[in-house]
Amino acid sequence: MMQPIQLVRKHISLEISEQFEQFVGFNLGHLSFGHRRFDHAMTEIAKLHHAQKTYNLGGGILLTGPSGTGKTTLINNYAKHFPVYRDGNKTIAPVLLITLPSSATANGLLTAIYDALGYPSPPRTELADKTSKIIKLLKLYGVELILIDESQHAYYSRSLPEFRQLIDTLKNILTLSKVACVLVGLPEVEDVVFSNEQVARRHAIRLELSKFSYEFEADFKEFRAILKQYQTELPKQPDIPLHEANLARRFLIASDGILDYLSRILSKSVEIAGLAGLSQLDLTVYSGAFREVVWQSAPDKLNPFHPESPLRRLDKAGEPFYPWHLKHAIGSPLARRNLIMPTGESHGT
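Summarised in this report is the structure supplied together with it. (Residues numbered from 1 in each chain as written. Predicted model: local features only at pLDDT ≥ 70, side-chain atom pairs only at ≥ 80, totals over all residues. Heavy atoms only, no water.)

### Examining the packing of aromatic side chains
Phase 1 of the analysis: Per the stated rule, a full pass over the model turns up 9 aromatic pairs.
Phase 2 of the analysis: Look at Phe 33 and Tyr 230: their rings are 4.8 Å apart centre to centre, the planes differ by 90°, and that puts the pair in the edge-to-face class. With a gap of 197 residues between them, Phe 33 in the loop between α1 (4-11) and α2 (36-55) and Tyr 230 in helix α9 (residues 217-231) connect regions that are remote in the sequence.
Phase 3 of the analysis: In textbook terms, an aromatic cluster arises when at least three aromatic residues are bridged by ring pairs, as seen for Phe 251, Tyr 286 and Phe 305.
Phase 4 of the analysis: Taking the ring centre of Phe 212 as reference, the NZ or CZ of Arg 37 above it sits at 4.8 Å. (Phe/Tyr/Trp six-rings, centres within 6.5 Å; stacked < 30°, edge-to-face > 60°. Helix = DSSP H or I, 4+ residues; strand = E, 2+ residues; numbered from the N terminus. Lys NZ or Arg CZ within 6 Å of the ring centre and 35° of its normal.)

Written as structure tokens, this is what we have:
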């Protein structure tokens, strides 16, 4: 059977070294480094989990942040500490990690929970019966904490009745099972939570995994520390330490303070340098990586790794970090009309 690397070798146009295979598709995405936001969120989730085990009162947390800031990485990391295990004849799943389907409905939520438990979803069963069965299964499997990723999908429900049904189903599951819950998603998930007083009260603890900003000294210091950690993982070393202040600022602007972008830029830099047979990473390499993974049509002077770059945020119209989601309504008709607010008021124009 042909291997993908054979096609790479066949079609690559560069002169390649004998070691080229270690650089093809090089990826740092599996790495995660602790920082204040990450550590604080992990601590708060652990405290919620501990309270549930101690007092059996449920409770919840709302964890939000832009895409790429590490929310999914964080909850995956937490869940790995509490794997499914056998206790005699019983299967125990202390922490249940699920993803709310993009077609967010009550049945979709229930199916996701059944799947996470490894239990077949009963076909052609009334929603109330499915919900009742889920509550019994959560108790049977000893579930203490549910982590629900992509919770903002509820914001894009196809209709107000479907949205209400989904939120009521979630509320009933959490109330009757007394499990703790962490709702995780993009900032839109706040609108989901605020639409129901009981769900909002249950998730009174609000956490945010925000982007790093060069406007705050503590943020920049942490960002430089993360760059220093990344450098220890690189098979090609930079000509200037990644955490050097000027270079670190270039990386901060190129990634907009989002660690996923930072990881992608560094990964692509290693691949570019490796396939070109370069011994070190430098500004030219980073510039090419930025174009490949962030902004393909970047003008030279707006490329943060260009020597004459003004080094400012790339958040104007037509630039990669322009906040288009704040300017243009997307998603379902429900989301566009902002009907899920309890008062029926619009969020903005």
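Moving on from the coordinates now.
### Digging into unusual backbone geometry
Among all residues except glycine, the phi angle is most often negative; among peptide bonds, the trans geometry is most common.
Phase 1 of the analysis: With phi around 55°, Glu 150 is a residue other than glycine that occupies positive phi space.
Phase 2 of the analysis: You can see Glu 150 is positioned in the loop between β5 (145-149) and α6 (160-177).

### Points about the pairing of strand β1 (residues 60-64)
Phase 1 of the analysis: Of all 5 residues that make up β1, 5 are buried, and the element is covered over most of its length.
Phase 2 of the analysis: Because side chains alternate across β1, one face comprises the buried residues Gly 60, Leu 62 and Thr 64, and the other comprises Ile 61 and Leu 63, equally buried.
Phase 3 of the analysis: As judged from the 5 bridges shared by β1 and strand β6 (residues 180-185), these two strands associate in the parallel manner. From the neighbouring strand, Leu 62 faces β6, where its bridge partner is Leu 183.
Phase 4 of the analysis: For β1 and strand β7 (residues 205-208), the ladder comprises 4 bridges, and the chain directions are parallel. (Buried < 20%, exposed > 50% of the residue type's maximum accessible area, 1.4 Å probe, protein only. Pairing = 2+ DSSP bridges.)

### Some remarks on helix α10 (residues 245-255)
Phase 1 of the analysis: Among the 11 residues of α10, 8 are classified as buried, and the element is accordingly described as predominantly covered.
Phase 2 of the analysis: When α10 is considered as a whole, its buried residues turn out to be Leu 247, Ala 248, Arg 250, Phe 251, Leu 252, Ile 253, Ala 254 and Ser 255.
Phase 3 of the analysis: Looking at the buried residues of α10, the elements they touch are α9, α11 (259-276) and α12 (283-293). (Contact = heavy atoms within 4.5 Å.)

### Section: the environment of Leu 97
Phase 1 of the analysis: Looking at the secondary structure, you find Leu 97 in strand β4 (residues 95-99).
Phase 2 of the analysis: Taking C-alpha positions, Leu 97 is 9.8 Å from Lys 80, a pair spaced 17 residues apart along the chain.
Phase 3 of the analysis: If near-sequence neighbours (up to four positions away) are discounted, Leu 97 is found in contact with Ile 75, Asn 76, Ala 79, Ala 116 and Leu 147.

### Regarding the environment of Phe 26
Phase 1 of the analysis: Along the polypeptide, Phe 26 turns up in the loop between α1 and α2.
Phase 2 of the analysis: On the basis of relative accessible area, Phe 26 is assigned to the buried category, the value being 18%.
Phase 3 of the analysis: The spacing of Phe 26 and Glu 271 is 245 residues in sequence and 5.9 Å in space, taken between C-alpha atoms.
Phase 4 of the analysis: The contacts of Phe 26, once residues within four sequence positions are left out, are Glu 233, Leu 234, Pro 235, Ser 267, Val 270 and Glu 271.

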